[in-house]
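# An overview of the molecular structure
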Amino acid sequence: YHEQQSNDREQNLRSFLLIICGGMIFFMQSGFAMLCAGSVRLKNVQNTMLKNLLDACGAALSFYLVGYALAFGGDYDYNNLSESNSNPTSNSTTTFVGTTNFASVGPSSAYWFFEYTFSATSVTIVAGTLAERCQMAAYLAYSVALAGFIYPVIAHSIWSNEGFLSRTNYSPFMDSGVIDFAGGGVVHLNGGLIALYATLVLGPRRGRFYDPQGEPLINPQPFPGHSVALQLLGTMILWFGWFGFNPGSALLLVDNHEFGQVAANAAVATALSGASGGITALFTNLWWEERVTGEPKFVIQMAMNGALSGLVAVTSGCAVMEPWAAIITGVIAGWLYMLSSTILIKLKIDDAVNAIPVHMVNGGWGLISTGLFASPKLLQLTYGNADHPGFIYTFNNNDGVEANLLLCQFCAILFILGWTFITMFPFFIWLNYRGWLRADSLEELVGLDVSYHGRGTHGSEGGEHVQKEYIDA
Amino acid sequence: YHEQQSNDREQNLRSFLLIICGGMIFFMQSGFAMLCAGSVRLKNVQNTMLKNLLDACGAALSFYLVGYALAFGGDYDYNNLSESNSNPTSNSTTTFVGTTNFASVGPSSAYWFFEYTFSATSVTIVAGTLAERCQMAAYLAYSVALAGFIYPVIAHSIWSNEGFLSRTNYSPFMDSGVIDFAGGGVVHLNGGLIALYATLVLGPRRGRFYDPQGEPLINPQPFPGHSVALQLLGTMILWFGWFGFNPGSALLLVDNHEFGQVAANAAVATALSGASGGITALFTNLWWEERVTGEPKFVIQMAMNGALSGLVAVTSGCAVMEPWAAIITGVIAGWLYMLSSTILIKLKIDDAVNAIPVHMVNGGWGLISTGLFASPKLLQLTYGNADHPGFIYTFNNNDGVEANLLLCQFCAILFILGWTFITMFPFFIWLNYRGWLRADSLEELVGLDVSYHGRGTHGSEGGEHVQKEYIDA
Amino acid sequence: YHEQQSNDREQNLRSFLLIICGGMIFFMQSGFAMLCAGSVRLKNVQNTMLKNLLDACGAALSFYLVGYALAFGGDYDYNNLSESNSNPTSNSTTTFVGTTNFASVGPSSAYWFFEYTFSATSVTIVAGTLAERCQMAAYLAYSVALAGFIYPVIAHSIWSNEGFLSRTNYSPFMDSGVIDFAGGGVVHLNGGLIALYATLVLGPRRGRFYDPQGEPLINPQPFPGHSVALQLLGTMILWFGWFGFNPGSALLLVDNHEFGQVAANAAVATALSGASGGITALFTNLWWEERVTGEPKFVIQMAMNGALSGLVAVTSGCAVMEPWAAIITGVIAGWLYMLSSTILIKLKIDDAVNAIPVHMVNGGWGLISTGLFASPKLLQLTYGNADHPGFIYTFNNNDGVEANLLLCQFCAILFILGWTFITMFPFFIWLNYRGWLRADSLEELVGLDVSYHGRGTHGSEGGEHVQKEYIDA
C-alpha cells in the first residue's frame, strides 16, 4: 500500500514538473520570435513573428491529430509505473510509426504536453533561415508536413519503445541504441537540415550575394538586423527555456527514481557548454579580427550564436557527459559555428538567422560528442546500465576498444539526414516549381509585412527607405 | 506516522509548486505591460506601463490588508490536510464576504501568494482598454476599489467554502455549484466587464470615431500600436504564464491526491484551445478579407488576440474538458472575438487593446462552454464526483436531460455582471462627474507621457509629430 | 527502508526544484540586460548587453574552475540527507576559503547549478553602473576577479559550514551567526560596493556633471535611457526571477523538512516588500515634485527602482520576517533609494543605472532590517532554533534586551565592505593607472558600440546625432 501511495505521489510530482518544464520549452517560441525579429530588417518583422506564433498553434493541433499517434502511439502508459506495464519488453515489436491514439493525447496528458513543446520547437527552427523571402503558403505547407509527419517519424525511431534506433527498444540497435537525451538530433539536426534544403531551393535574399544585374558581389552584403536588444532577449529566453528542455527530459526516464540527480547533471552540462560556446566564438573572432584587420572587435552576435551552438551541441548528451566533456563540446561547438557560418557564405547559401550552423551542424556534433564522451558512471545513473560507453572510455577497458555507441550515433545522423532528404528536398523543389515557395521580387523589396500583412510594422518609418530602394532597383 | 510524514512531504511539494506557478502568473503582468505598450502610440507608452507596474504593487498591499480577508478569511487551513480540518462541512455557513484575517496572509502563505497573483491579474485587464486617455487619479481609484473589494466578493462567492455559488459550499447551489476552475469568470469576465463600463463612461479616444468638428467618421480611424514585436512578446509571455494559471489551480484541490494528472489535463486543454483560437481568427479573417477586398491578408493581431481569446475561454473548464472540447471552445472563442470586436467598433466603443472581446466575451463563453462540455470522467478525477456533468453528456443519460451545471454557470455570469454593474458603473459615472476620469483634450493630444510623467518616452522623437497634430487640431 | 526511499524522493524533488529556481535566477541575467539596455543611450546598447551575456558565460566557467571550490569546497554533501553526513559539527573547522573540489561541481550538481546562478548575478550588478564609458578589457578583468575570488570568499564566510560568520558553523559567531537567507549581503551589497569603488575611480560620463570646458554644470545633465519599455521589461523579469532567488533558497536548508512553508513565507515577503518599495518611491516623489514644482509627476523610474530596492532589501530576511515587517522594510527601502540616489548626484558620482542606491544601500539595509525584525516563530521554522531573534523581539523578553543577531548583521556589512575595499579598490586604481579602465573621450562620444563592436546598434540612425555632438565638442 505504501509502495503504491508513494508511486502515486511520485507520479504527481513528475506530471507537474513536466508541465512546468513544458511551459519553459513553450516559452522558447518567444525566444525564437525575438531572435528572428531582431535579426531581420524592419520591413519583415511582422511576417517573421507571425510564423513563430503559427508554429506554436499549428504544432499543437497537428501533434494532437496525428503527430503523437505516429510518434508514440502504442507506447506504454507513462502514467503508470507498475512493473508489468513499464517493462519495455512487453512491447516486443519494432515499427516505422505508431498507429494508435490518433486525435488523442494518449494515456498521459503530461507526457503529451511535454512532447508537443518539443515538436513545436523543431518546426520553429526552420522559419528563421527562410525569413525575408519565403511565401506564407509555402511556410504553411512545410510546417504541416514537418509537424504532422517528418518529425514524428524521427521521434518514433529514436525515442519510442518501438523505434528501431531507440535505446528502449526490446532489442536495441547494435546492442546499444542511440542516445539523444533531449533531442539534439531529433529536434535540432532535423530542423537545421530542413532549413538547409529549403534555403538551397529558395536561394539567397535579393542583394545578399548578387547585385541587381545578377553579377556576384565581391563582398556579400550584410543585412544587419534591426534590433540587437531583441536578439539578446531572444537568446536569453532560449537559454532559460533550455533549462526546461534538457533537465526536463530526465522526467521521461520511467524506471529511474533518481531523475532529480540526472536532471541536475543535465543542467550543469547545459550551463557549461553554452558558456564555453559563447566565450569561444567571441574571443576566437576577436583574435581573428585583430590578426586580419589589426583592430579587435567584440561581436555580440558571435557570443550569442556561440552560446546557442554550445546549447544545441550538449542537448544530445547533457545527462551522460561529465562537466569537462560539456566544456569541450561547447568549445568545439563555438568553432564549428564560426567555420560553418563562413563556409555557408562562401557557398552563397543565405541563412537569415544562422540557424544552419547553430542547429544543423551542432545538432550533428552533439550526437557525435555523446558517442565520444558518454561516461559509464552517468550512463549507469541515467539508463541503469553502462554496457556501451563513449568511445574514449573504451581505451582503458579490458575488453578492448569498442565503438558501438559512436556508430549508433553516426547512424542516427545518417537516418535523420536521409529521411529528411528524401522527403523534404523533393517537396521544396515541387513547391518552387509550382511558384509557391519564393515571394516575388517586388514583395521582397517592399518587405513581406506590407505584402502579406497589409501594413508596415512601424508606420511610415520604413516607407521612405523602401522608396529609395525602388529607385535604386 | 508514515501517513503523516507523507502528507507533510506532499504539502511541501504543493507549497513549492504554488510559488513557482504564482511566479509565472506574476510574470503575466509583464505580458500585459508589453502587450499594452506595443498596442498604444509612442506618446503613451510610459503611462500604460506604469499602470501595469502599479497593479502588481497595489494589489499586493490591498490583497494583504483587506482582499484576502474578504475573499477567503474564515476558510479552513490549506496547509493542513488532516481529515477534520479539510472537511468543508465543518464550515457550515454561507457568507457574503469573509470577516477574519485582515492584514494577514491567513494560515497558508503559499495559498495567499497564489491568490494574490490572481487578483493582480484581474486588475491589470482593465488598464489596457482605457489606455491613452484616462487620468492617473481615476486609475488609482478604480484599482483600489477593484482589488480591495469588488474582486474579493466575486472570488468569495465562487471559490470560498462559504461562497453561495461555490462547488465546495456545504450545500452547493442547485446541488452543483459553479465550476470556474482557474478564474475565467472570477478574473477575466470580471475584469472585462469593468473595462466595458469604464470605456462607456470614458468615451473613445480623440479622433478614433469622430473628426475634430465632432462629426462621426465614415471609417473609424485605426490607431496602430507602435511595436508589433512588443505585442507578440506580451502575448507569448501571457501564454507562458497561463501554464501556471490553469494547471497551477489544480494545487488548490485540497483532498485530491491526483492533482498532477488534473494539472496535466488543464495544460493540454490550455495549449489546444489557445492554438485553435489563434488559427481560427487568423484564417477566418484571411478568408473574409479575400472575399471583401480580393486580397488575402495575414493579420498578426488576429492570431495574437485569437490565441488569447482561446486561452481565456478555456480557463473556466480546462481541467474538466476533453481535448476535443477544448478545441471547439477555442474555435468558437476565435469567432466570438472577431464578432464582438466588430460590434464594439460599430457601437463606437473604443477599446485600445481589445480587452473586452478577449476577456469579457470569452470569459463568459468559457463559463458556458464548461456547462456544456464538462465530462463526467474528468469531473470525477477533479472533484471526486460527477453528479452534474456538462449538458451534452446528459443526453445519453438514463436519468434524462439535466442542465444544473449549465444553469449554475449562467447564474455565475449574471452574478458577476450584476455585482460589477451595480458597484462599478455608478463609480465611473461619479468619477466622470467630478472630472477625475478623462484626461483633458490637450493632455491626450500631447500624449499622457508628457502630461503625467514629465517627458516623452523617446526624447525628441515624438516631438515634431505632436506639434504637427497641434496644428491640425 | 521506507525512510530511505522517502528521503530519496524528497531529494529528487529538491534537486529538480533547485534546477527550476536556478533557471529563473539565470533568467534574471536578461532582466539586467534589458534594464541596462533601456537605461543607456542608443549608442551604447550593444556594449552593455554583451557585458551581461559575458557575465553569464564567464561566471559559469570560473565558478566551475575555482569559485565553487573556494566558496563551498569541503562542505558536506547536500545530496545526502543521512544524519551523520548532514550534521555540521562533523566539519569542525573554520576556514577562510574552501580548498577542495577545484574544476568540479562538488557532490551535488543541483547545488552547484543553483549557486552558480547566484555568483553570476553578483557579477552582473556591477556592469550597469559603469555603462557607457568603461573599456571591455577592464570589464573582463574585474569580472574574472569578482567571480573567481572576491565573491567566493564572501559566500564562504557567510554561507559555508566552515565560514566564520556562518549560521551553520559549528561554533557560530556571537553564538548566532549572520542571517543572509538569499544573499542581500553576499550578492547585492557586494556587487553594489564594487560598483561604487569602480565608478569613483572611473569618474562620471562626459557631460554628466561638467561642461566640455571642465566647469561643473549647475544642473547635472540627465542622460535619459533610450527605451522605457525595455526598462520595465527588465524590471519585471528581475522580479519574476526573485521568486526563484528568495523562495528557492529554502531548498538549501538541509535538515528542514518544511522547506515548502519556509519558501512560501519568503515569497510573500518578496511580493510585499517589492510592492511597498515601488509605491513608496513613486508617491513620495509625486508629493515632493508637487511641493517643489507645483506639478505632480508620476515618474515610472521611481516605481521601478523603488520596487527593485524593496526586493533587494528583503532578500536577506525574507524567510524570517513577518509580512508587516517586510512592508516596513520595503517602505524604508523606497526612501533610502531616493535619498541615496540624490546624494550620489550631489557628490557627482555617476551611476548609469542607479545600481548603487538599489543594490549597495538596500543590500546593507536588508541585513540590518533582518537584525531588527527576524521573528522567533519564523526562525524556529527556518533554522530549528530561535535563540537570538531580531532586536525588536527582545524587548518583551524576560532575559532582557540583546542584540547578538543585529551585531552579527553589522559585522557582515563591515566584513563585506572591508574585504571588497582592500581588494577591489586598489585593483581599479591600478587598472586606471595602466590606462585600461576608461574608454577614451572620442570612443565615449561616438558610443562604445562603434568603438568596440564595429557598428552602431541601429544602422545609420545614430550617425547624425553623433556628428552633431562632434561639432559641439
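Attention in this report is confined to the structure presented alongside it. From a predicted model like this one, the values you see are computed outputs, not experimental measurements.

Of regular secondary structure, chain A possesses 16 helices and zero strands. With respect to the three principal axes, the spread of C-alpha positions in chain A is 80 × 50 × 35 Å. For chain A, the accessible surface area stands at approximately 14,900 Å², while carbon and sulfur atoms represent 61% of it. The centroid of the 19 positive side-chain charges in chain A is displaced by 12 Å from the centroid of its 33 negative side-chain charges.

What follows covers the relation of the copies chain A and chain B. Superposing chain A onto chain B takes a rotation of 120° plus a shift of 0.0 Å along the axis, which leaves an RMSD of 0.0 Å. On the angle and the small slide along the axis, the relation comes out as a three-fold axis. Here only 16% of the interface residues in chain A have copies in chain B that are interface residues too; the copies meet through unlike faces.

Moving on, we get to the side chain of T124(C). Residues and elements named next belong to chain C. As for its position among the elements, T124 is in helix α4 (residues 109-129). Only 3.5 Å separates the side chain of T124 from the side chain of Q29, close enough to count as a polar contact. There is a polar contact of 2.8 Å between the side chain of T124 and the side chain of N52. Contacts of T124, omitting those with residues within four sequence positions, involve Q29, F32, N52 and D55.

Right, let's talk about the relation of the copies chain A and chain C for a bit. Expressed as a screw operation, the relation of chain A to chain C combines 0.0 Å of axial shift with a rotation of 120°, fitting to an RMSD of 0.0 Å. When the interface residues of chain A are mapped onto chain C, a mere 15% of them are again interface residues, pointing to distinct binding faces.

Attention now moves to the nonpolar core. Formed by 492 residues in total, the largest nonpolar core has its most connected members in Y116(A), Y116(B) and Y116(C). With near-sequence residues (within four places) excluded, Y116(B) lies in contact with F26(B), A56(B), A59(B), A60(B), F63(B) and A271(C).

Let's shift gears to helix α10 (residues 323-346) of chain B. For α10(B), which comprises 24 residues, the first-to-last C-alpha distance of 35 Å matches the rise-based estimate of 34 Å (1.5 Å per residue) to within 8%. In the segment just after α10(B), K348(B) is the residue with positive phi, at about 55°.

This part takes up the interface of chain A and chain C. Contacts between chain A and chain C engage 53 residues on the former and 49 residues on the latter. Interface of chain A and chain C: buried area, both sides summed, is about 4,300 Å²; carbon and sulfur atoms make up 78% of it. Broken down residue by residue, the surface that chain A buries against chain C is led by M236(A), F240(A) and F298(A), which jointly contribute 15%. Applying the counting criterion to the chain A and chain C interface returns one salt bridge. Here E10(A) and R9(C) are joined by a salt bridge, their closest N and O atoms 3.0 Å apart. A class-by-class count of the residues in the side of chain A that touches chain C yields 36 nonpolar, 13 polar and four charged.

Here the focus is the interface of chain A and chain B. Each partner contributes to the interface: chain A provides 49 residues, whereas chain B provides 53 residues. Interface area for chain A against chain B, summed over the two sides, is near 4,300 Å², with a carbon-plus-sulfur share of 78%. For chain A, the biggest contributors to the area lost against chain B are R9(A), F16(A) and L53(A); these three give 16% of the whole. The interface formed by chain A and chain B contains one salt bridge. On inspection of chain A and its partner chain B, the count reaches five residue pairs in polar contact (both at pLDDT 80 or more). Counting residues per element, the side of chain A that touches chain B draws most heavily on helix α1 (residues 2-39) of chain A, at 18 residues. Taken together, the residues of the side of chain A that touches chain B break down into 31 nonpolar, 16 polar and two charged.

Definitions and cut-offs
Residues numbered from 1 in each chain as written. Chains lettered and ligands numbered in written order. Predicted model: local features only at pLDDT ≥ 70, side-chain atom pairs only at ≥ 80, totals over all residues. Heavy atoms only, no water. Helix = DSSP H or I, 4+ residues; strand = E, 2+ residues; numbered from the N terminus. Areas by Shrake-Rupley, 256 points an atom, 1.4 Å probe, with all protein chains shown as cover. Lys, Arg positive; Asp, Glu negative; His and termini not counted. Charge placed at Lys NZ, Arg CZ, Asp CG, Glu CD. Least-squares fit on C-alpha atoms with pLDDT ≥ 70 in both. Contact = heavy atoms within 4.5 Å. Polar contact = N/O pair within 3.5 Å; in protein donor to acceptor, adjacent residues only side chain to side chain. Core = buried A, V, L, I, M, F, W, Y, C linked by side-chain atoms within 4.5 Å. Buried < 20%, exposed > 50% of the residue type's maximum accessible area, 1.4 Å probe, protein only. Expected span 1.5 Å × (residues − 1). Buried area = accessible area lost by both parts, 1.4 Å probe. Salt bridge = Lys/Arg side-chain N within 4 Å of Asp/Glu carboxyl O. Nonpolar A, V, L, I, M, F, W, Y, C, P; charged D, E, K, R; others polar.

None of the figures reported here should be taken as evidence of function without further support.
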